[in-house]
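Here's the letter readout for the chains.
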Amino acid sequence: GIDGILISPIEVVNRAKTVGEIQGEFYRQRPQYKVRLGPKNTDEFRMEGKVEYEVTQYDQPAIMIAPPIVTQERRSKSKCINDFDTGLFGGTFLRSQQGSTCSAPYECPSGLEESLALCFSNDAPKRFFGKPPVDRQGSKQFFEFLVSITEAPVLVRNGTSYPTPNFLDQLTSKVEVLLVLHSGQDSITSLVRIKASQDLSIETEYEIL
């Protein structure tokens, strides 16, 4: 065996052992396991011991003086411009449901075709995650505390649960994260804005005000 490691002996037999045989082996090997060493530190030491806090030095320390907020602009589902495109995309989704994607042992949810957006319109939905949009900078935006989206798998509002991974999806057109920081060195409060947009490509930028 390996020094310092003690495990139960492994034995392969061609029949099921009786309860009496198993109990006999347990008592025969019991003295061997009584000499096994316990943990390196006692429970008393672990309860009373202290862990030294490591202090990290920052060149320009700053503190966040408000909870970060994430906002997004959303599109709505709509039919495509012409029937050809609607039939083309709809037929593709329908074939996926009838093919191996949704065949046993896999099972697709009902209404899959309706849940996938064929095309988009720039009209914001009336509600999202249980809240109506807010007019901001000439657009309708949906607000949430960033920690509510990133630190919990589900957000519950008015008795309805919303999986937080669904906060960003194919109907999201723009996302912005707002951070308010204060520098003690210069006594300056800054608003950090991190933006991302999804059009033909995904673009990101940041701005410090």
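For the structure itself, consult the block above.
Residues numbered from 1 in each chain as written. Predicted model: local features only at pLDDT ≥ 70, side-chain atom pairs only at ≥ 80, totals over all residues. Heavy atoms only, no water.

Colleague: Teacher, can you tell me more about the nonpolar core here?
Modeller: Within soluble globular proteins, side chains that are nonpolar tend to cluster in buried spots. Residues Val-70, Phe-128, Phe-129, Phe-142, Ile-149, Leu-155, Tyr-162, Phe-167, Val-175, Val-177, Leu-179 and Val-192 constitute the largest nonpolar core, which totals twelve residues. If one sorts the elements of this core by residue count, strand β9 (residues 172-183) sits on top with three residues. Those residues in contact with Tyr-162 that sit more than four places away from it in its chain are Phe-129, Gly-130, Pro-153, Val-154, Leu-155 and Arg-157. (Core = buried A, V, L, I, M, F, W, Y, C linked by side-chain atoms within 4.5 Å. Buried < 20%, exposed > 50% of the residue type's maximum accessible area, 1.4 Å probe, protein only. Helix = DSSP H or I, 4+ residues; strand = E, 2+ residues; numbered from the N terminus. Contact = heavy atoms within 4.5 Å.)

Colleague: In this structure, what is going on with the pattern of salt bridges? I would like to understand it.
Modeller: Where charged atoms from two side chains of opposite charge come close, those side chains can pair. Across all of its chains, the model carries eight salt bridges by this definition. Glu-144 is the salt-bridge partner of Lys-131, the closest N and O atoms lying 3.8 Å from each other. Of this pair, Lys-131 sits in the loop between β4 (119-121) and β5 (134-136) while Glu-144 sits in strand β6 (residues 139-145); the two residues are 13 residues apart in sequence, bridging distant segments of the chain. With a shortest N-O distance of 3.1 Å, Asp-135 and Lys-140 are connected by a salt bridge. Overall, Asp-135 belongs to the exposed group, its relative accessible area being 60%. Judged by relative accessible area, Lys-140 falls into the partly exposed class, the value being 42%. (Salt bridge = Lys/Arg side-chain N within 4 Å of Asp/Glu carboxyl O.)

Colleague: Looking at this structure, I do not really get helix α1 (residues 19-34). What am I missing?
Modeller: Because an α-helix packs 3.6 residues into every turn, residues spaced three or four apart end up facing the same way. With 16 residues, α1 ought to run about 22 Å at 1.5 Å a step, and its terminal C-alpha atoms sit 22 Å apart, in line with that. Considering bend angle alone, the principal kink of α1 is centred on Arg-28 and spans about 35 degrees; proline Pro-31 follows within four residues of it. (Expected span 1.5 Å × (residues − 1). Bend = angle between axes of the 7 residues up to and from the residue.)

Colleague: How should the side chain of Thr-164 be read in this particular structure?
Modeller: Mapped onto the elements, Thr-164 comes out in the loop between β8 (160-163) and β9. When neighbours within four sequence positions are excluded, Thr-164 is seen to be in contact with Phe-129, Ser-148, Ile-149, Ala-152, Pro-153, Val-154 and Leu-155.

Colleague: Please clarify how unusual backbone geometry should be interpreted in this entry.
Modeller: Phi at Phe-129 is positive, roughly 55 degrees, even though this residue is not glycine. With respect to the helices, strands and loops of the structure, Phe-129 is situated in the loop between β4 and β5. Non-glycine residue Gln-137 carries a positive phi angle of around 55 degrees. Inspection of the secondary structure assignment puts Gln-137 in the loop between β5 and β6.

Colleague: Can you help me understand the pairing of β8 in this one?
Modeller: Two faces belong to every sheet, and in a regular strand the side chains alternate between them. As paired elements, strand β7 (residues 154-157) and β8 share four bridges and run antiparallel to each other. When the sheet's bridge partners are listed, Val-154 is paired in β8 with Pro-163. Hairpin connection between β7 and β8: a loop of two residues separates the two successive antiparallel strands, and Asn-158 in this loop has a positive phi of roughly 55 degrees. (Pairing = 2+ DSSP bridges.)

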